[in-house]
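Chain by chain, the residues:
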Amino acid sequence: MKPVKIAMMGMTHGHTRKYYQTLRDNRKLAWVASCAEDQEAKDIYELYKTGVPCYLSAERMLEEHPDIEAIVIASANSRHLEQMAFCASRGIHILSMKIPTFDMAEYDQMVAMVEKAGVVCQIELEMHYNPVVRRLKEIIAGGELGHICAIQATNITLSPVWAFPWQGSPEQSYGRRVPLAPGDPRFRGGALCDHPHVFDLARWLTGADFADVFAQVAPNLRPDLEVEDMLLAAGRMSDGTAFLFDPSWSRLEERLRVPAPGWEVFPKRMEVNVTITGERGMLQCDCFGPNVYHNGAPNDRYTVQYTYFDEWIGLIDEFVDCIRNSKTPQINLRWHRKTIEFMNACYSSIASGRPVRI
Amino acid sequence: MDIATLNDALGRLRAKYGLPQGAIVSGTPWPLLQLPSGQEIPLLRWRAERRFTELKNLLDGGTLEGVSTLRFATFRDGGDLLPLLAAELDLACHLTGSRIVRLYAVMAPGDRACNVILRLENGVSGCVECGVGLPPGTAPVDRHEVIARRGVASDRTVDTQVPQSSIYLWGEQGARTYTDTDFELYGLPDEGIWTVRAAYAILLHPELGDLWREAGCRCLEQAKAALKAAKQGETVEF
C-alpha cells in the first residue's frame, strides 16, 4: 500500500507530541511536514527533534509538499473551522482533535464542507484504541452484564493550561466568552471542554443518547483560572441508564511551560475509570492502569509512570485504513455531534442551576 | 502458547513496520526466534515486557539514582523452578546493566520454593523469592522493586500485595479480572504478547541477537548453579 503523505498543523494542542512516534514508525505513513501556529509553537516543536520540517504558513507547507494527502489538525479549538476549510477545499483528509467546535452552526458547516469535499474526517477520541476499552466493549456487547442500568465515570487530569494556554482562554477553548452562570466570574472553556471521552464512551457502550443532565461546578482549585476546573454531571440516557460523570481537572500540577517529568503533583495525572451496573452484574474498569510507580527525580514524589498505553497507534491505523479504503471512521463528525450537544447542555445546566432536557 | 498464533501476530507487525523475516519456533525453556540464516535466538520475553522496559528507563534515565537493592518475587501454579529463577536473574542483570557475581540460595522442603540472595558486579545487592506452589489455574503473582538512594520504583503500587487488574467483573459466573496491555496484539495471552514483542525487538535491532544468546545461556547456568547450591548451603561465585 502506498504510504499516506501526512502533515501536522497548529502544534499547539496538548496531544500534538503524542503523534510523533506513531507518525515516524508506521510504514503506512510518510510524515513529510508540520506547520506551527506561531514561532513559539515552532520552537517547542523543535525541542522534540523529529527531523520533519516545520513551516509557519500552511500555504508555504503545501507549496513545498504539494503531495500532502492528510493533515492532523493539532490546534486550539477556535482555529478548527478555518483549518478544516483549508484542508477540505484542497481535498486533504482531516484528523480533527476531540472538540471540532462548540458552536453547532459552525459544526454543521464543518459537516457540510467535509461531505462536499468527500474527504475523511476522523475525530481524535483515542480511548477507542485503548486495549482496556476494547475489552470493556467486548464484555458489554457479550451481554454478560445484561442491560446497562448505570454508568459512573471519571475523566480527571491535571490542568494543561500552563503548557497549552489556549485551554484556559474562553475564546480559544469554547469559541466565545460565555459566563458560566449569572454572578459567576468564570467562563465556559475549562475542564469540561478537555474531557469528552467518557460522554462518548457512554453513548458507545449503551447505544443510547443523552436524555437529560444536571451539572454543577465547584469552587476552582486554581482560583487564577477564568474557566471552570471542577464540575460534576448526572442524568439519564434515552434508554433509562443513569449516569454520573466527573470530567474535572482535579489533579494539581507543576506549572510547566513544556510537559516533562515532574509535571504531576498527585501521583496519577490522568484517570479514566468506569463503573457499570447491569441487570446481571457489575464491573469496574481503570483504562490507564495498572502501571509502574516510582518516587524518584525530579521531585521525589510518588508518581505513576504510564506504562502500557499508546492509543495513537490504533487511531492512526484506522485513519489510514479509511483514507486508502474509502471507509468512514467510527468516530466521525456526525457521530460526535450528539456528544458536543451534550457538553453544551452541561453548560446550560450549570448556567441555569436546573436539569436540562436534551 | 500456540506458535502459529504467535507467528501470525509477528507477521502482522513485520508487515506493518517493514521488518525482515524471522519466525518464532518452540524451544526449551523458552521459544526461539529463527532467522533465515538458521540462527536461533532465545526469546527472553521479560526483556521486551513493557513494565520492565519502564523500570529500566527509570534507572537508565536517572529518575532513580544510586541503586542499592533489587527485591524480586515470582510465584506460579506449578512448573519448573529453573526457568522461573533464570528469568529473574537475567532481569536483574538487564535492569542494572551488570552481571551476577555471587549467589546464595536456600531451597524449601518439597522443592517448590527457593530464596536467593545475589550480588551484582556493580555492587548492587538483590534477592529473588520464587515458587511454583500456587494452586492450579491461579494467575502468576510477582513483584519487582528497585530501591535506590534516590527513589524506589516498582511494578506494583504502594499498599498492595498482589498484581492489580484493569477490569474487575462481578457476574452470575462469579468474579473475574482482565488486564489488557497491547492494542496491536490484543487477544494474545501476556506471555504470548511479550514473546512476540521480544521477536519484534530482535528483528528491529539485530544486534540484540548475540547479547540475548549469551544472556540466555548465562542465566540458565546461574540458575542451575543456584538450585544445586540451594541444597548444600554454600555460596556460588561466578
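Whatever comes next refers back to the structure up there.
Residues numbered from 1 in each chain as written. Chains lettered and ligands numbered in written order. Predicted model: local features only at pLDDT ≥ 70, side-chain atom pairs only at ≥ 80, totals over all residues. Heavy atoms only, no water.

What to know about the interface of chain A and chain B
Contact residues are listed per partner, giving 44 residues for chain A and 40 residues for chain B. Of the roughly 3,600 Å² buried between chain A and chain B, counting both surfaces, carbon and sulfur atoms make up 57%. On the chain A side of the contact with chain B, Arg135, Glu144 and Tyr308 of chain A bury the most area, a combined 18% of that side's loss. At the surface where chain A touches chain B, the tally comes to five salt bridges. Its salt-bridge partner being Glu172 of chain B, residue Arg280 of chain A comes within 3.9 Å of it at the nearest N-O pair. Residue assignment for the side of chain A that touches chain B shows that the elements contributing at least two residues are helix H6 (131–142), strand S12 (282–286), strand S13 (292–294) and helix H10 (311–325) of chain A. For the side of chain A that touches chain B, the element with the highest residue contribution is H6 of chain A, accounting for seven residues. The residue makeup of the side of chain A that touches chain B, split by class, is 19 nonpolar, 14 polar and 11 charged. Bridge count between S12 of chain A and strand S10 (residues 167–171) of chain B: four bridges; the pairing is antiparallel. Residue pairing across strands places Gln284 of chain A opposite Tyr168 of chain B, the latter belonging to S10 of chain B. (Contact = heavy atoms within 4.5 Å. Buried area = accessible area lost by both parts, 1.4 Å probe. Salt bridge = Lys/Arg side-chain N within 4 Å of Asp/Glu carboxyl O. Helix = DSSP H or I, 4+ residues; strand = E, 2+ residues; numbered from the N terminus. Nonpolar A, V, L, I, M, F, W, Y, C, P; charged D, E, K, R; others polar. Pairing = 2+ DSSP bridges.)

A closer look at the nonpolar core
Among the nonpolar cores identified, the biggest contains 164 residues, and Ile71, Phe245, Ile276 and Leu283 of chain A together with Leu85, Cys114 and Val196 of chain B are the most heavily contacted of them. Top element by residues in this core is helix H3 (residues 81–96) of chain B. It accounts for 11 residues. In terms of domain composition, this core takes at least three residues from each of domain 1 (4–127 + 315–322 + 324–332) and domain 2 (130–308 + 337–357) of chain A. When neighbours within four sequence positions are excluded, Ile276 of chain A is seen to be in contact with Leu136, Ile140, Leu145, Ile148, Ala150, Ile151, Leu205, Gly281, Met282 and Leu283 of chain A. In this structure, Val4, Ala36, Val52 and Cys322 of chain A belong to the second largest nonpolar core, which totals 28 residues. (Core = buried A, V, L, I, M, F, W, Y, C linked by side-chain atoms within 4.5 Å. Buried < 20%, exposed > 50% of the residue type's maximum accessible area, 1.4 Å probe, protein only. Domains from an automatic or database assignment.)

Topic: the pairing of strand S7 (residues 125–131) of chain B
Residue and element names in this part refer to chain B. Counting buried positions along S7 yields five of seven residues, so the element is predominantly enclosed. Of the strand pairs in this sheet, strand S4 (residues 65–75) and S7 are connected by seven bridges, and their pairing is parallel. Bridge pairing links Ala73 to Glu129 in S7. Examined bridge by bridge, strand S6 (residues 113–120) and S7 share seven bridges and lie antiparallel to one another. Note that in S7 the partner of Ile117 across the bridge is Cys127.

Section: the packing of aromatic side chains
Scanning all chains against the criterion turns up 23 aromatic pairs over all chains. Summarising the aromatic geometry, the rings of Tyr17 of chain B and Tyr200 of chain B are spaced 5.7 Å apart at their centres and angled 75 degrees between planes, so their arrangement reads as edge-to-face. Separated by 183 residues along the polypeptide, Tyr17 of chain B in helix H1 (residues 3–17) and Tyr200 of chain B in helix H4 (residues 190–204) bring together distant segments of the chain. Here Tyr17 of chain B and Tyr200 of chain B have matching classes, each one buried. The structure contains a cluster of three or more aromatic residues connected by ring pairs, namely Phe199, Phe210, Phe243, Phe245 and Phe342 of chain A. One Lys or Arg, Arg90 of chain A, reaches over the ring of Phe86 of chain A and ends 3.8 Å from the middle of that ring. Its guanidinium or amino end placed over the ring of Phe187 of chain A, Arg177 of chain A lies 4.3 Å from that ring's centre, counting from NZ or CZ. (Phe/Tyr/Trp six-rings, centres within 6.5 Å; stacked < 30°, edge-to-face > 60°. Lys NZ or Arg CZ within 6 Å of the ring centre and 35° of its normal.)

With respect to the pairing of S10 of chain B
Residues and elements named next belong to chain B. Side chains Ile167, Leu169 and Gly171 of S10 all project onto a buried face; the interleaved residues Tyr168 and Trp170 project onto a face where none is buried. Pairing of S10 with strand S11 (residues 174–178) involves five bridges; the strand directions are antiparallel. Looking at the pairing, Leu169 lines up with Arg176 of S11. Turn length for the S10-S11 hairpin, with the two strands adjacent in sequence and antiparallel, is two residues.

A short note on the pattern of salt bridges
What the rule picks out here adds up to 49 salt bridges over all chains. In this structure, Arg203 of chain A and Asp209 of chain A form a salt bridge, with 3.1 Å as the shortest nitrogen-oxygen distance. On the basis of relative accessible area, Arg203 of chain A is assigned to the buried category, the value being 4%. In this structure Asp209 of chain A comes out as partly exposed when scored by relative accessible area, which is 24%. With a closest N to O distance of 2.5 Å, Glu184 of chain B and Lys16 of chain B form a salt bridge. Of this pair, Glu184 of chain B sits in the loop between S11 and H4 while Lys16 of chain B sits in helix H1, and the two are 168 residues apart along the sequence. An identical accessibility class is assigned to Glu184 of chain B and Lys16 of chain B; each is buried.

Examining the environment of Ala85 of chain A
One can find Ala85 of chain A in helix H4 (residues 80–88). Residues Ala85 of chain A and Ala117 of chain A, 32 residues apart in the sequence, show an inter-C-alpha distance of 9.7 Å.

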